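# A closer look at the structure
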Amino acid sequence: MQNRRKPNAGDFVFGILLVIGAIAIMVYSVLLGIRQQTTFTLSAGFFPFLVGIVLCGTGIALAITGVRHGGVQEAKEVFTGEYLKWFFTNDRSVRAIILALFMYIYIFRLIGHLPFMEATFYYLFGTMMYLKAGKWWKCLIISLLAAAAIGCAFRFGFGINLPGGFDVHLP
Amino acid sequence: MAELLTQLGYFGQAAGQVFNPSTLLIVAGAVVLGLVVGAIPGLTGTMALALLINLTYTMSTPDAVAFLLGVYVGGVSGGLFSAIMLNIPGTPNAAATALDGFPLAKQGKGGQAIFGGVFASFLGTILSCCLMMILTPFVYKVALKFQNWERFLLAVFGIMICGNMSVDSTPLKGWNVGFLGFFCALIGVDKIQNTPRFLFGIKDLMAGVTLIPALIGMFGIAEVLCTLQDKDPYTLSDSMGSFFPTKSELKSLLKPVPRSALIGCGVGAIPGAGEDIAAWLSYSIGRSRSKEGEKFSKGSFEGLSCSETANNACIAGAMIPMLTLAIPGSAQAAMFLAALNLHGVKPGPLLATTSPTFMYVVGVTILVAAFVMFLLSFVVTKPMVTILKINRKILMPIVVAMTVIGAFASRQQIFDIKLMFVFGLIGFVLRKRGFSLASMTLGLILGGDADTYFRQALTQVQGNLFMMLKRPIGDILLVVVLYTLISGIRKSIKGSATNDAIAQSEAEIETRAETGEV
């Protein structure tokens, strides 16, 4: 079976990305220094500029380490239709992407728009159903109880305000 | 002599503060909470601290310290239960424990192994805590001589040494994320000239990257994603058997305790090194020094004691640099530092003068937590077996809901929850790529202060960098940083022998978990 793990390609690509990011940081820092019209070494841009240089150096070193261990060849294998298709369709990747998507919807679309307990119930029920944590009615009961328990415990037990408020809008 | 009496006086005052019924009750509750969270695979002590910080908002500072240290001690010790009974370390620092604990459980000595692990953890915590209380006043004296330039160099040294000690990666990778953390800490309005930096058009970033949501994301969300990626259910080992070891087993348990406690305390004091490195290092040295080294990994009480003593000894060790220099020795200590900042306590050299009893409050609380952990571990062992059966597919989504409250609680901003999610994804990707999250955490914590110290030092010498080379303590630190850099580069090129050994041992555990072999 072909080895699907490509750690050196990862190091090589991460190193390159880091160098690009570090250059952007350095340019931004220099412009910040110029805008402040003061000695560059005393401006707010000097320290980030130094951090940019360090990141650039370590990024280059990481990329070189990747190249020395066959990272370029691995990267060529990674950026092929077949590998990318495998990467995005294997069980573990799909599960991680879908779980992250559930979290995104919960945090960006539900929290702040709905009361906390309601938003949490939708998230818990959806995620448990996706993970096949149990029969649907079991997931429903656990989600309801867990959302209510967390909301009440934090609001009344520990006196912490909940994002989106405590009250639930009943139909 | 007068100095000794003064310190004893501080110790007495601290003991008076800790030994009151409500604080003792808080420690007991927190230790149990830590033991349970630490025992459940996928929930780490760091995650527990991150999630539970928000419970301390309404507490007084001594109560908050008692609560967090209780969770810390319990969380580090709790990992041994699942390591022994399931061959799955509840926390990364219990990975070495599984090597001997699980074979012992398979031999029907699960109860004795749990007693051995708990006893070794207890002794490790006590010994290193005593060392901490003896050494810290001396470190304070040295630390008080440090000025801005030296403090900046210490922050850089923290990142460098943390990268060097990373278990899962090469020093180069540790430094990469460490300085990335430095950069993230620079986002927002700078403290000296009030200049906005790296806002990317997001006004909410004016206040910078809020530490607690970022840490909750990296250790909570990332952990949940990593855990739920796997489908594998786990099975419990056979019956536990008796709790009490025989005389010869007890002798084997006690033999490596002093050495392992010293190793644990020493490793704990190294910024970012953490409990897992202490456990592996102590285990590796124990195996090479033992007359019965061949029995290690096959069910040796001596091996079990090596790892458990060291990982718990790390707790007090990690407090030394945190209290004296504000540089946390481990990820858990970093969480503790963040919580102290929330309560207005600013660790560092000045703490010795502003609040001289504080170090002893921490020390006495750790001692109390160790005693409570020792006693309660036997009470919770049987219920723990039931808790270990909780379905992770139910537990983990509930943890996500708790991370949301944790991120929101400190500033009551929805933006902080979004920030937590972004850092969760960053943490997940970094973990998958073998980067050290401890380095990133250290960078996030130290970056802001390092910027301030560096620029204040520069202002003192009118921007002339060469003037700073005339400071002897700074020069020594600079040489140490350069040495760490060179040794780290060598290690990165050759590949670390320690990392290879650890990787080999972890692979051994994984193989065993798959095959169920002893």
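Quantities reported herein were computed from a predicted structural model and do not represent experimental measurements.

### Considering the overall build of chain B
- Per the secondary structure count, chain B includes 20 helices and two strands.
- Radius of gyration (C-alpha) of chain B: 22 Å, near the 24 Å computed for a compact globule of 518 residues.
- The dimensions of chain B, computed from C-alpha atoms along their principal axes, are 70 × 55 × 50 Å.
- Out of the 518 residues belonging to chain B, those deemed buried represent 63%.
- Partitioning the contacts of chain B with sequence separation of at least 6, the portion at a separation of at least 24 is 80%.
- As displayed, chain B offers around 18700 Å² of accessible surface, 66% of which is attributable to carbon and sulfur atoms.
- Between the mean site of the 36 positive side-chain charges and the mean site of the 28 negative ones, chain B shows a separation of 3 Å.

### Concerning the environment of Ser439 of chain B
- Relative to the helices and strands, Ser439 of chain B is located in helix H18 (residues 437–460).
- Put simply, Ser439 of chain B and Ala333 of chain B are 106 residues apart on the chain and 13 Å apart in space, counted from C-alpha to C-alpha.

### What about a nonpolar patch on the surface?
- On the surface, a cluster of nonpolar side chains totalling about 420 Å² of accessible area is made up of Ile23, Val27, Val30, Leu31 and Ile34 of chain A.
- Tracing the sequence through the fold places Val30 of chain A in helix H1 (residues 7–36).

### Here's the deal with helix H11 (residues 274–289) of chain B
- When the terminal C-alpha atoms of H11 of chain B are compared, their 23 Å separation across 16 residues agrees well with the 22 Å that a helix rising 1.5 Å per residue should span.
- Taken together, the buried positions of H11 of chain B are Gly274, Glu275, Ile277, Ala278, Ala279, Trp280, Ser282, Tyr283 and Gly286 of chain B.

### Some thoughts on helix H5 (residues 91–110) of chain A
- A rise of 1.5 Å per residue sets the reference length of H5 of chain A, with its 20 residues, at 28 Å; its end C-alpha atoms lie 27 Å apart and thus fit the reference within 8%.
- Every buried residue belonging to H5 of chain A is among Ser93, Arg95, Ala96, Leu99, Ala100, Met103, Tyr106, Ile107 and Leu110 of chain A, and all of these are buried.
- On its buried face, H5 of chain A sits against helix H4 (81–89) and helix H6 (116–131) of chain A together with helix H8 (211–229), helix H16 (392–409) and helix H17 (414–432) of chain B.
- Taking the backbone nitrogen of Arg92 of chain A as reference, a side-chain oxygen 3.1 Å away marks Asn90 of chain A as the first, capping residue of H5 of chain A.
- A positive phi of about 95° marks Gly112 of chain A, the residue just after H5 of chain A.

### Some thoughts on the interface of chain A and chain B
- The interface is formed by 60 residues belonging to chain A together with 62 residues belonging to chain B.
- At the surface where chain A touches chain B, the tally comes to one salt bridge.
- In this structure, the salt-bridge partner of Lys173 of chain B is Asp11 of chain A, at a minimum N-O distance of 3.2 Å.
- Taken together, the links from chain A to chain B amount to 10 residue pairs in polar contact (both at pLDDT 80 or more).

### Some words on the confidence of the model for chain A
- Across chain A, pLDDT averages 85, with 92% of residues at or above 70.
- Within chain A, the element-level pLDDT minimum falls on helix H3 (residues 71–78) of chain A, averaging 77, and the maximum on H6 of chain A, averaging 94.

### Regarding the packing of H6 of chain A against helix H7 (residues 136–157) of chain A
All names here are of chain A.
- Contact geometry for H6 and H7: axes closest at 8 Å, N-to-C directions at 145°. Pair H6 / H7 crosses with right-handed handedness. Contact with H6, carried on its side by Phe116, Met117, Thr120, Phe121, Leu124, Phe125, Met128 and Met129, involves Trp136, Cys139, Leu140, Ile142, Ser143, Leu144, Ala146, Ala147, Ala148, Ile150, Gly151 and Cys152 of H7 and no other residues of that element.
- Considering only residue class, the contact of H6 with H7 consists of 17 nonpolar, three polar and no charged.

### Focus on the domain arrangement of chain A
- Under the domain assignment, chain A is made up of domain 1 (7–89) and domain 2 (91–157).
- With centres defined by C-alpha atoms, the gap from domain 1 of chain A to domain 2 of chain A works out at 36 Å.

### Remarks on the packing of aromatic side chains
- Inspection of the entire model under this criterion finds 28 aromatic pairs over all chains.
- Aromatic side chains Phe47 of chain A and Phe182 of chain B sit 6.1 Å apart centroid to centroid with 35° between the ring planes, which places their arrangement in the tilted category. Of this pair, Phe47 of chain A sits in helix H2 (residues 46–68) while Phe182 of chain B sits in helix H7 (residues 171–186), each in a different chain. For the pair formed by Phe47 of chain A and Phe182 of chain B, the shared burial category is buried.
- Look at Phe122 of chain B and Phe374 of chain B: their rings are 4.7 Å apart centre to centre, the planes differ by 25°, and that puts the pair in the stacked class.

### Observations concerning the pattern of salt bridges
All names here are of chain B.
- All told, the structure shown has 11 salt bridges over all chains when counted by the stated rule.
- Where Arg411 meets Asp416, a salt bridge forms, and the shortest distance between an N and an O atom there is 2.9 Å.
- Arg411 gets classed as partly exposed once you look at its relative accessible area, which sits at 29%.
- Judged by relative accessible area, which is 0%, Asp416 ranks as buried.
- Between Asp451 and Arg455 there is a salt bridge whose closest N-O contact spans 3.5 Å. With Asp451 and Arg455 both in helix H18 and four residues apart, the pair spans about one turn of that helix.
- Take Asp451: its relative accessible area is 4%, and that puts it in the buried class.
- For Arg455, a relative accessible area of 4% corresponds to the buried category.
- If you follow the salt bridges from partner to partner, you end up with Asp190, Arg197, Asp451 and Arg455 in one network.

### A few points about the nonpolar core
- In terms of nonpolar packing, the biggest core is built from 197 residues, with Tyr106 of chain A together with Met319 and Leu323 of chain B touching the most fellow members.
- When residues of this core are assigned to their parent elements, the largest contribution, 16 residues, is made by helix H15 (residues 358–387) of chain B.
- Composition of this core by domain shows at least three residues from each of domain 1 (7–89) and domain 2 (91–157) of chain A.
- The contact partners of Leu323 of chain B, leaving out residues within four places of it in the chain, are Met132, Tyr140, Pro347, Gly348, Leu351, Phe358, Met359 and Val362 of chain B.

Parameters and conventions
Residues numbered from 1 in each chain as written. Chains lettered and ligands numbered in written order. Predicted model: local features only at pLDDT ≥ 70, side-chain atom pairs only at ≥ 80, totals over all residues. Heavy atoms only, no water. Helix = DSSP H or I, 4+ residues; strand = E, 2+ residues; numbered from the N terminus. Rg over C-alpha atoms; globule rule 2.2 N^0.38 Å. Buried < 20%, exposed > 50% of the residue type's maximum accessible area, 1.4 Å probe, protein only. Contact = heavy atoms within 4.5 Å. Areas by Shrake-Rupley, 256 points an atom, 1.4 Å probe, with all protein chains shown as cover. Lys, Arg positive; Asp, Glu negative; His and termini not counted. Charge placed at Lys NZ, Arg CZ, Asp CG, Glu CD. Patch = residues over 30% accessible without salt bridge, like charges linked within 9 Å, V, L, I, M, F, W, Y side chains within 5 Å. Salt bridge = Lys/Arg side-chain N within 4 Å of Asp/Glu carboxyl O. Expected span 1.5 Å × (residues − 1). Polar contact = N/O pair within 3.5 Å; in protein donor to acceptor, adjacent residues only side chain to side chain. pLDDT = per-residue confidence, 0-100. Axes fitted to C-alpha atoms, helices over the stretch in contact; angles between N-to-C directions. Left-handed = near helix turned anticlockwise from the far one by under 90°. Nonpolar A, V, L, I, M, F, W, Y, C, P; charged D, E, K, R; others polar. Domains from an automatic or database assignment. Phe/Tyr/Trp six-rings, centres within 6.5 Å; stacked < 30°, edge-to-face > 60°. Core = buried A, V, L, I, M, F, W, Y, C linked by side-chain atoms within 4.5 Å.

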